[in-house]
Amino acid sequence: MKKAMKYTLKIYRGSPGNQYWEEFELPLHPYVNVISALMEIQKNPITKDGRKVTPVVWEQGCLEEVCGSCSMLINSKPRQACTALIEKIIKETGNSVITLSPLSKFPLVRDLIVDRTIMFENLKRVHAWVDVDGAYDRGSGPKISQEKQEMMYSISQCMTCGCCVEACPQSNDHSKFVGPQIFSQVRFFNANPIGKMKKGERLRAVMGEGGISDCGNAQNCQRVCPKKLPLLDSIAAIGRDVNLQALKELFSFPDRDEG
């Protein structure tokens, strides 16, 4: 009988100030992903050298790359654990040892869990929602061209997962940079016929410290985005809009059309 192939998950775990590596050996099953592997460890947390340890903890939600909660570093690359297939990774790397570690640009909670609160606070900063008065029926909404719909759909898929922030050299604990994903969100809500009423407010929010001028154009963000969002297009578009907004405010055109 053919011996079942095994692989090793090498996990950087622990709490702030007390992190360490632990290895777990598991049998390889077809189509198993990193989340499934972590669940196996959770059921039987025995290390490769035979020690019983506390179960590894991580975040997960939808398990179909929509919620963004299972972001982690897999072989040092930020990605979603739910779509990281073990067999595929082994074939790509030629190595049966796979490393898992928490994202490094966010405060560590424990093991593979980090606190991404700053990303959601930055969404508040740029007014990332559409104000709607539901006091009466407004009827059908304004028409949006097919071209704009396609652009808006492409950037609406952002999961606030943190992968782009992790890959961005401008995002670190010494910087106030709001992160690459914010500019797509500003672009998305400013493109909405009702949302554009707050266009100036959103653009002003990314004009100052930590805003668009802090982007170093490393372009890592788009390379690692799980949803392949056109982040570079959004950064360019918001850079242009910020300049136009600055000129508009310089020459005081408060009644100029926001479109």
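The paragraphs below set out a description of the structure included in this document. In this text, all values refer to a predicted model and were calculated from it rather than measured experimentally. Chains are numbered independently. Their residues run from 1 in the order of the written sequence. Reporting of local features is limited, given that this is a predicted model, to residues whose pLDDT is at least 70; pairs of side-chain atoms are given and counted only at 80 or more, and all residues count toward the totals for whole chains, interfaces and linings. Hydrogen atoms and water are omitted, and side-chain values are computed over all heavy atoms in the structure.

### Thoughts on the overall build of the protein chain
- Along its length, the protein chain carries nine helices and seven strands.
- For the protein chain, the spread of C-alpha atoms along the three principal axes comes to 75 × 40 × 35 Å.
- Looking at the protein chain as a whole, 42% of its 259 residues qualify as buried.
- Expressed as a percentage of contacts within the protein chain between residues at least 6 apart in sequence, the contacts between residues at least 24 apart total 62%.
- Using the Shrake-Rupley algorithm and a 1.4 Å probe, accessible areas are obtained, with residue cover drawn only from the displayed protein chains. Total accessible area on the protein chain is roughly 14500 Å²; 52% of this is exposed by carbon and sulfur atoms.
- Asp and Glu count as negative and Lys and Arg as positive, but His and the ends of the chain are not part of the count. Note on charges: their place is set at NZ of Lys, CZ of Arg, CG of Asp or CD of Glu. With 34 positive and 29 negative side-chain charges, the protein chain shows a separation of 4 Å between the mean positions of the two kinds. Secondary structure counts use DSSP, requiring at least four H or I residues in a row for a helix and at least two E residues in a row for a strand, with both numbered from the N terminus. Residue exposure (1.4 Å probe, protein chains only): buried if accessible area is under 20% of the type maximum, exposed if over 50%, otherwise partly exposed. Pairs of residues are marked as contacts when any of their non-hydrogen atoms sit within 4.5 Å.

### With respect to the pattern of salt bridges
- A pairing counts as a salt bridge when a side-chain nitrogen of Lys or Arg comes within 4 Å of a carboxyl oxygen of Asp or Glu. Overall, the coordinates contain twelve salt bridges when judged by the stated rule.
- With a shortest N-O distance of 3.2 Å, lysine 124 and glutamate 121 are connected by a salt bridge. Of the two residues, lysine 124 and glutamate 121 both sit in helix H3 (residues 117–125), three residues apart, roughly one turn of that helix.
- For the salt bridge of arginine 204 with glutamate 249, the shortest nitrogen-to-oxygen distance reads 2.6 Å. With arginine 204 in helix H7 (residues 199–205) and glutamate 249 in helix H9 (residues 231–250), this residue pair connects regions lying 45 residues apart in the sequence.
- In this structure glutamate 249 comes out as partly exposed when scored by relative accessible area, which is 36%.

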